[in-house]
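This is what each chain is made of:
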Amino acid sequence: SELDGIRDIDHYGNQYPRKIQNVTQLVVDEELAERLSLKPGDLVIRFKNIRVASEKVQETVVVTYVYIPAEAAEVLEIVKKRPEELIITLEVLGRECDEVKQTFSGTIMPDEVADLFKVPHGTAALKIIRNYMDVRGRTIVASESFHTADRFSFSVAVKKKKY
């Protein structure tokens, strides 16, 4: 199905149990809008999504901050009940995800993230920003994930087209 590609996008993260924490509502400021391709002034719900190695081994594998429109609060309830479900496979406000844009960058972990990984402040990380967009190119859901730099790699192979 067409959704398989979108489901596969975070295959790495989906292998691990998820814990949702720190649900807050906030107004998107200029800096956040710029960083995550959101609209300044929009009201969003932000939550922290922590994936751990396993139910037995509670070692943090990835820390993600997810931003959904405030009026999509019911989506959060579904996510809490079905933690294995990818948020974007659920329809958010009747808008279906048509495209996912991913931006990978090296960064220094925010202190809060470093504490969750139990690593020193100032530790290097791989940051992935994902924008889940509708058919009109508007961001429905945005997320910002942090991985320890030494535990995550990303490779892309491009093959020459044969004409």
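The structure we're discussing is the one just above.
Residues numbered from 1 in each chain as written. Predicted model: local features only at pLDDT ≥ 70, side-chain atom pairs only at ≥ 80, totals over all residues. Heavy atoms only, no water.

Structural notes on the overall build of the chain
Moving on, step 1. For the chain, the count of helices and strands is 5 helices and 6 strands.
Moving on, step 2. Listed by position from the N terminus, the elements making up the chain come as α-α-β-α-β-β-α-β-α-β-β.
Moving on, step 3. The buried share of the chain, taken over its 163 residues, is 40%.
Moving on, step 4. Sequence separation of at least 24 residues holds for 58% of the intrachain contacts in the chain that already meet a minimum separation of 6.
Moving on, step 5. Just so you have it, the chain exposes about 9,600 Å², and 51% of that area is on carbon and sulfur atoms. (Helix = DSSP H or I, 4+ residues; strand = E, 2+ residues; numbered from the N terminus. Buried < 20%, exposed > 50% of the residue type's maximum accessible area, 1.4 Å probe, protein only. Contact = heavy atoms within 4.5 Å. Areas by Shrake-Rupley, 256 points an atom, 1.4 Å probe, with all protein chains shown as cover.)

Focus on the sheet that holds strand β1 (residues 18-27)
Moving on, step 1. Read from one edge of the open sheet, 6 strands run β1-β2-β3-β6-β5-β4, paired in antiparallel fashion. Only two strands of the sheet have a single neighbouring strand rather than two, namely β1 and β4 (99-108). Sheet twist, expressed as the mean angle between neighbouring strand axes with direction ignored, is 15 degrees.
Moving on, step 2. Across the sheet, helix α4 (residues 73-81) is in contact with β1, β2 (43-52) and β3 (60-69); its angle to β1 comes to roughly 170 degrees. (Pairing = 2+ DSSP bridges. Axes fitted to C-alpha atoms, helices over the stretch in contact; angles between N-to-C directions.)

A few points about the environment of Glu96
Moving on, step 1. Structurally, the position occupied by Glu96 is in the loop between α4 and β4.
Moving on, step 2. Accessibility expressed as a relative area gives 56% for Glu96, which makes it exposed.
Moving on, step 3. Each C-alpha atom of the pair Glu96 and Asp134 lies 5.8 Å from the other, and the pair is 38 residues apart in sequence.

Focus: the pattern of salt bridges
Moving on, step 1. Under the criterion given, the structure shown has 5 salt bridges.
Moving on, step 2. When the shortest N-O distance is used, the salt bridge between Glu31 and Arg35 registers 2.6 Å. Pair noted here: Glu31 and Arg35 are both in helix α3 (residues 30-36), with a separation of 4 residues, about one helical turn.
Moving on, step 3. One salt bridge in this structure joins Glu112 and Lys48, with 3.1 Å as the shortest N-O distance. Placement of Glu112 in helix α5 (residues 111-117) and of Lys48 in strand β2 is noted, with a sequence separation of 64 residues between them.
Moving on, step 4. Look at Glu112 and you get partly exposed, because its relative accessible area is 38%.
Moving on, step 5. Judged by its relative accessible area of 5%, Lys48 is buried.
Moving on, step 6. Connected through shared salt-bridge partners, Glu31, Arg35, Lys127 and Glu144 make up one network. (Salt bridge = Lys/Arg side-chain N within 4 Å of Asp/Glu carboxyl O.)

Points about unusual backbone geometry
Moving on, step 1. Even without being glycine, Asn22 reaches a positive phi, approximately 50 degrees.
Moving on, step 2. Here Asn22 is to be found in strand β1.
Moving on, step 3. Judged by its relative accessible area of 46%, Asn22 is partly exposed.

Points about the pairing of strand β5 (residues 124-133)
Moving on, step 1. Across the 10 residues of β5, 9 count as buried, placing the element largely inside the fold.
Moving on, step 2. Judged from the 10 bridges that link them, β4 and β5 form a sheet pairing that is antiparallel. Following the sheet pairing, Thr103 is matched in β5 by Ile129.
Moving on, step 3. As paired strands, β5 and strand β6 (residues 139-148) are joined by 9 bridges and run antiparallel to one another. Bridge assignment links Asn131 to a residue of β6, and that residue is Ala142.
Moving on, step 4. Connecting β5 to the antiparallel partner β6 that follows it, the hairpin turn spans 5 residues, and Gly137 within it adopts a positive phi of roughly 80 degrees.

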